[in-house]
Each structure stands twice: as C-alpha cells, then as structure tokens.
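What the coordinates show
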Amino acid sequence: MKTERCPKCNSEMVDGFLIDRDKADRVQTWFEGEPSKYWFGMLRLRGRARFGVVTRRCRRCGFLESFATGPER
Ligand SMILES: [Zn+2]
C-alpha cells in the first residue's frame, strides 16, 4: 500500500475520521448540494447523494485532508 505524503511538508500521513464532540455516536458524512432546512430547523437530507468521509492527518505538521468514500446506500 502506497504511503500518502503531506502536501505541506512531504511527511507520512495517516487515515482517520472527524466527529462532533456532542454527536460522538456518528461519523461525518458528506451530502451533495447546498444545505437547506425545514421550518423547525432540521437539515433536509432525504434524497441527497451521501458519502462517508475519511480524514488524513500528517504525522509531522498536523495538516488534515478529507476525502469522500462511497457512495453510501
Ligand atoms: Zn505535513
């Protein structure tokens, strides 16, 4: 497997993911299109293409790079 290199400092990068601290039961997901909400404040997500998100971290400088995996469903 090819080791990914940091585009900032050319060091080794490692895969991971991001979570919101108040929503620690879910991994982040990328949804297609502009965000829009229902009148009660919840985001409209039905029918949108969705992808899992992998975030890679540089071991040396901490640079983060995210990319989509998927699509899901
Ligand atoms: Zn780096």
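Attention here is on the structure that accompanies the text. (Residues numbered from 1 in each chain as written. Predicted model: local features only at pLDDT ≥ 70, side-chain atom pairs only at ≥ 80, totals over all residues. Heavy atoms only, no water.)

Summed over the entire model, instances satisfying the criterion amount to 3 salt bridges. Across the pair Glu4 and Arg56 runs a salt bridge whose closest N-O atoms are separated by 3.6 Å. Pair noted here: Glu4 is in the segment before strand S1 (13-16) and Arg56 is in strand S3 (residues 50-58), with a separation of 52 residues, a long-range link. Given a relative accessible area of 28%, Glu4 falls into the partly exposed group. The class of Arg56 is buried, set by a relative accessible area of 12%. Overlapping salt bridges bring together Glu4, Asp15 and Arg56 as one network. (Salt bridge = Lys/Arg side-chain N within 4 Å of Asp/Glu carboxyl O. Helix = DSSP H or I, 4+ residues; strand = E, 2+ residues; numbered from the N terminus. Buried < 20%, exposed > 50% of the residue type's maximum accessible area, 1.4 Å probe, protein only.)

Distances from the zinc ion to its protein donors, namely Cys6 (SG), Cys9 (SG), Cys58 (SG) and Cys61 (SG), fall within the range 2.3 Å. If you look at the zinc ion, its 4 donor atoms make angles of 99 to 118° with each other, and the shape they trace is tetrahedral. Along the chain, the residues donating to the zinc ion are arranged with the sequence spacing C-x2-C-x48-C-x2-C. Taken together, the positions of Cys9 in the segment before S1 and Cys61 in the loop between S3 and strand S4 (64-69) put the pair 52 residues apart, joining distant regions of the chain. Judged by its relative accessible area of 42%, Cys61 is partly exposed. (Donors = N, O, S within 2.8 Å, 3.2 Å for Na, K, Ca; no water. Tetrahedral: all angles 85-135°; square planar, octahedral: opposite > 155°, others 65-115°.)

Before going further, it helps to spend a moment on a nonpolar patch on the surface. A cluster of nonpolar side chains, Phe17, Ile19 and Val27, forms an exposed patch at the surface whose accessible area comes to about 280 Å². Along the chain, Val27 turns up in the loop between S1 and strand S2 (29-31). Of the residues examined, Val27 reaches a relative accessible area of 46% and is grouped as partly exposed. (Patch = residues over 30% accessible without salt bridge, like charges linked within 9 Å, V, L, I, M, F, W, Y side chains within 5 Å. Areas by Shrake-Rupley, 256 points an atom, 1.4 Å probe, with all protein chains shown as cover.)

Okay, the packing of aromatic side chains next. The full count for this structure, using the stated rule, is 3 aromatic pairs. Between Trp30 and Phe51, the ring centres sit 5.6 Å apart and the planes meet at 70°, which makes this aromatic pair edge-to-face. Highlighted residues: Trp30 in strand S2 and Phe51 in strand S3, separated in sequence by 21 residues. When its relative accessible area of 40% is taken as the criterion, Trp30 is described as partly exposed. (Phe/Tyr/Trp six-rings, centres within 6.5 Å; stacked < 30°, edge-to-face > 60°.)

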